[in-house]
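Coordinate analysis (summary)
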Amino acid sequence: MTTPNKARDRLRIAIQKSGRMADVSQDLLARCGLKFRQSRDKLFCFGESMPIDLLLVRDDDIPSLIAQGVCDLGIVGRNVLAEQSLAAVEGTLPVVELCALDNSRCRLSIAVPQDMDYNGPHQLQGLRIATSYPALLGAWLAEHKVEAKIVFLAGSVEIAPKLGTADLICDLVSSGATLVANQLREAVVILESEAVVAGPQTVPPDERGDLRELLLRRIDGVIQVRESKLVMLHAARANVDAIRKMLPNGQMPTLLPIEGSEQVALQAVCYGAITWQHLEDMKRAGASQLLVLPVEKILA
Ligand code: PRT
Ligand code: ZN
């Protein structure tokens, strides 16, 4: 593997090899137009369409691979990035969140036994809390001036209260089913998490820096496209202002004359859902020939 000191001209991205974020990460990069050829050991993917390669690893290794300069970017849960940033090793590059991806959503929460009434952080004083996130939990306890014992567990945190090794837990929650199955109740959310693109704060001053910026712009385009629609309609010029105000998060519309008509054609990219109600309101305001189309690519 290339050492951080040796110049590298290809961008390298770390993503999860297998697990909850593996498929969504591969899918996002494919939507950015990247194609890869996988090595036989299935750990390295060579970029065929652009000089961008992939390293397939455990999610916990992603922040440190970036901090050591082995990878330039990574896709990882904010929970993992935030935990490791608090516990970062001196002399390594600070790794920051560059863009949120709105998938793999979960929250890091303190959960108490179902029969415990939780009415504030002070109640946790002197208790034992099992977690895989000691740095984030420690920071939260310090912020709330609570002295509790942190019991570190790498996995199966939710069974600690049953086993008697802790009084409560601080773990990731998504649907809440795991907590219910273990007679626990979510009391406080200490971090809202989702998948993020992580990287060093500073952009390398070479081709890798340009590639990183290009890829981040494409990722931004892919995220915008998910929720965007192209709205097209006809209207009298006098009604355009009123109709424009009804477009949900609409960008400045393009107006085009219609040959042989007093009316104009309006088209605008809108972010967020366009409901039947939106269309009916626009029709009442004078719009006709309304069309709502999916957007495939955006490059702002
Ligand atoms: O092997 P590797 O180390 O790469 O994977 P991993 O086992 O550490 O991670 P993985 O694949 O389980 O999760 C990767 C990332 O997905 C996490 O770091 C989070 O950012 C995100 N994510 C989203 C979740 C969940 N939802 C989630 N529900 N990670 C874990 N869980 C677990 C949680 O720990 C608990 O055990 O699911 C259980 C709770 O789920 P509910 O639905 O019952 O509430
Ligand atoms: Zn992991």
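Residues numbered from 1 in each chain as written. Chains lettered and ligands numbered in written order. Predicted model: local features only at pLDDT ≥ 70, side-chain atom pairs only at ≥ 80, totals over all residues. Heavy atoms only, no water.

1. A short note on the domain arrangement of the chain
- The domain architecture assigned to the chain consists of domain 1 (11-102 + 194-225), domain 2 (106-193) and domain 3 (228-294).
- Look at where the C-alpha atoms of domain 1 and domain 2 centre, and you get two points 30 Å apart.
- Taken together, the 8 residues of domain 1 in the interface contact 9 residues of domain 2.
- Here domain 1 meets domain 2 over a buried area of about 740 Å², counting both sides, of which 62% is carbon and sulfur.
- Considering only the surface of domain 1 that becomes buried against domain 2, Asn-79, Glu-83 and Leu-86 emerge as the three largest contributors, covering 68% of it. (Domains from an automatic or database assignment. Contact = heavy atoms within 4.5 Å. Buried area = accessible area lost by both parts, 1.4 Å probe.)

2. Regarding the site of ligand 1
- Taken together, 22 residues sit near ligand 1, with Arg-20, Asn-79, Ser-175, Gly-176 and Thr-178 positioned nearest.
- In the environment of ligand 1, an oxygen atom lies 2.8 Å from a nitrogen or oxygen atom belonging to the side chain of Arg-58.
- For ligand 1, an oxygen atom lies 2.6 Å from a polar atom in the side chain of Ser-175.
- Here ligand 1 loses 78% of its free accessible area of 840 Å² to cover by the protein chains.
- Secondary-structure elements contributing two or more residues to the shell around ligand 1 are α3 (78-86), β10 (168-173) and α6 (177-181).
- Among the elements that take part in the shell around ligand 1, β10 stands out by supplying 3 residues, more than any other.
- Along the lines of polarity and charge, the residues of the shell around ligand 1 split into 6 nonpolar, 10 polar and 6 charged.
- Each of domain 1 (11-102 + 194-225) and domain 2 (106-193) contributes no fewer than three residues to the shell around ligand 1. (Near = heavy atom within 4 Å. Polar contact = N/O pair within 3.5 Å; in protein donor to acceptor, adjacent residues only side chain to side chain. Areas by Shrake-Rupley, 256 points an atom, 1.4 Å probe, with all protein chains shown as cover. Helix = DSSP H or I, 4+ residues; strand = E, 2+ residues; numbered from the N terminus. Nonpolar A, V, L, I, M, F, W, Y, C, P; charged D, E, K, R; others polar.)

3. What about the pattern of salt bridges?
- Tallied over the full model, the rule gives 16 salt bridges.
- With its nearest N and O atoms 3.0 Å apart, the salt bridge here joins Arg-31 to Asp-27. Here Arg-31 pairs with Asp-27, and both are found in helix α1 (residues 22-31), just 4 residues apart, close to one helical turn.
- Here Asp-60 and Arg-58 are joined by a salt bridge, their closest N and O atoms 3.7 Å apart.
- Each of Arg-78, Glu-97, Asp-102, Arg-105 and Glu-194 takes part in one network of salt bridges that share partners. (Salt bridge = Lys/Arg side-chain N within 4 Å of Asp/Glu carboxyl O.)

4. Side note on the coordination of the zinc ion (ligand 2)
- Looking at the metal site, the zinc ion (ligand 2) is ligated by Asp-59 (OD) and Asp-60 (OD), spaced 2.1 Å from it.
- Geometry at the zinc ion (ligand 2) is irregular, judged from its 4 donor atoms and the angles of 75 to 172° they form at the metal.
- Judged by relative accessible area, which is 19%, Asp-59 ranks as buried. (Donors = N, O, S within 2.8 Å, 3.2 Å for Na, K, Ca; no water. Tetrahedral: all angles 85-135°; square planar, octahedral: opposite > 155°, others 65-115°. Buried < 20%, exposed > 50% of the residue type's maximum accessible area, 1.4 Å probe, protein only.)

5. Points about the sheet that holds strand β8 (residues 128-131)
- Pairing in this open sheet of 5 strands is mixed, and the strands run β9-β8-β10-β7-β11 from one edge to the other. Strand pairing shows two members of the sheet lacking a second neighbour, β9 (149-152) and β11 (184-193), which therefore form its edges. Looking at each pair of strands side by side, their axes are set apart by 30° on average, direction ignored.
- Across 3 bridges, the pairing between β8 and β10 is parallel. Bridge pairing in β10 places Ala-130 opposite Ile-169.
- Taken strand by strand, α3 contacts β10 and β11, and its axis lies near 75° from that of β11. (Pairing = 2+ DSSP bridges. Axes fitted to C-alpha atoms, helices over the stretch in contact; angles between N-to-C directions.)

6. Re the packing of α3 against helix α4 (residues 134-143)
- Look at α3 against α4: their axes get within 7 Å of each other, and the N-to-C directions meet at 70°. One way to sum up the angle between α3 and α4 is to call them roughly perpendicular. Contact with α3, carried on its side by Asn-79, Ala-82, Glu-83 and Leu-86, involves Pro-134, Ala-135, Leu-136 and Ala-139 of α4 and no other residues of that element.
- Residue classes in the contact of α3 with α4 are distributed as 6 nonpolar, 1 polar and 1 charged. (Parallel < 35°, antiparallel > 145°, perpendicular 65-115°, else oblique.)

7. Remarks on unusual backbone geometry
- Its identity is not glycine, yet Asp-102 carries a phi of approximately 55°, on the positive side.
- The topology assignment puts Asp-102 in the loop between β6 (95-100) and β7 (106-113).
- Residue classification places Asp-102 among the partly exposed positions, given a relative accessible area of 45%.
- The phi dihedral of Ser-156 falls on the positive side, at around 45°, and the residue is not glycine.

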